[in-house]
Amino acid sequence: GCESLEALFLPSTVTWIGRATFSFCQSLRLLILPDDIDLDNVDEIIGETAIYHIAENAGVAYEEDDEGYVTDESSRLVNEWLIHHMDNAPFHKLCYNSSITTKHINDYLNEHGNDSALAIDPYH
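None of the values given here were measured: they were computed from a predicted structure.

Quick look at the nonpolar core
In step 1: Residues Ile17, Leu31, Leu33, Ile45 and Ile46 are the most contacted members of the largest nonpolar core, which totals 23 residues.
In step 2: For this core, the elements supplying multiple residues, two or more each, are helix H1 (50–57) and helix H2 (72–84).
In step 3: Those residues in contact with Ile46, other than ones at most four positions away along the chain, are Ser23, Leu31, Ile51, Tyr52, Tyr62, Val78 and Leu82.

If you want it as structure tokens, here you go:
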């Protein structure tokens, strides 16, 4: 995996994410999935990432079956957590909208302060 990727906002045009897509991107601590993504099209994607450790601390984790495979239910719960854990972070929710431009983001930061983008980030 990539070691330097820290944050990624996926646009609403993303409709499918394959298994282990971001696994071992150890620095990844912010991953925003599109609000309307079909979770049936998102497999186990964040193993061995910083955001997965944040999920574990929030009480959400992948569970394995008797054969060592991640269960569909636990994968779904982790993905739902990924979608909703930023609900209280307006800046990150702003970035969900595919029509948002850099001007919108700059206007938001000017109105709310540059540090508002870091408000949900436990590492800053």
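There's plenty left to go through after this.
A word on the packing of aromatic side chains
In step 1: For the coordinates displayed, the defined rule picks out 1 aromatic pair.
In step 2: Ring geometry for Tyr52 against Tyr62: centres 5.1 Å apart, planes inclined by 10 degrees, an arrangement best described as stacked. Of this pair, Tyr52 sits in helix H1 while Tyr62 sits in the loop between H1 and H2, and the two are 10 residues apart along the sequence. Each member of the pair, Tyr52 as well as Tyr62, carries the same accessibility label: buried.

Topic: the pattern of salt bridges
In step 1: This structure, assessed with the given rule, holds 5 salt bridges.
In step 2: One salt bridge connects Asp40 with Arg76, and the closest N-O pair in it is separated by 3.5 Å. With Asp40 in the loop between strand E2 (30–32) and H1 and Arg76 in helix H2, this pair connects stretches of sequence that are 36 residues apart.
In step 3: By relative accessible area, Asp40 is classed as exposed at 62%.
In step 4: A salt bridge links Glu80 to Arg76; the shortest N-O distance between them is 3.9 Å. Taken together, the positions of Glu80 and Arg76, both in helix H2 and 4 residues apart, correspond to about one turn of that helix.
In step 5: Residue classification places Glu80 among the partly exposed positions, given a relative accessible area of 31%.
In step 6: Judged by its relative accessible area of 30%, Arg76 is partly exposed.
In step 7: Within the structure, one salt-bridge network assembled from shared partners comprises Asp40, Arg76 and Glu80.

Some remarks on the environment of Met86
In step 1: Structurally, the position occupied by Met86 is in the loop between H2 and helix H3 (90–94).
In step 2: Among the residues examined, Met86 registers a relative accessible area of 3% and is labelled buried.

The rules we used
- Residues numbered from 1 in each chain as written.
- Predicted model: local features only at pLDDT ≥ 70, side-chain atom pairs only at ≥ 80, totals over all residues.
- Heavy atoms only, no water.
- Core = buried A, V, L, I, M, F, W, Y, C linked by side-chain atoms within 4.5 Å.
- Buried < 20%, exposed > 50% of the residue type's maximum accessible area, 1.4 Å probe, protein only.
- Helix = DSSP H or I, 4+ residues; strand = E, 2+ residues; numbered from the N terminus.
- Contact = heavy atoms within 4.5 Å.
- Phe/Tyr/Trp six-rings, centres within 6.5 Å; stacked < 30°, edge-to-face > 60°.
- Salt bridge = Lys/Arg side-chain N within 4 Å of Asp/Glu carboxyl O.

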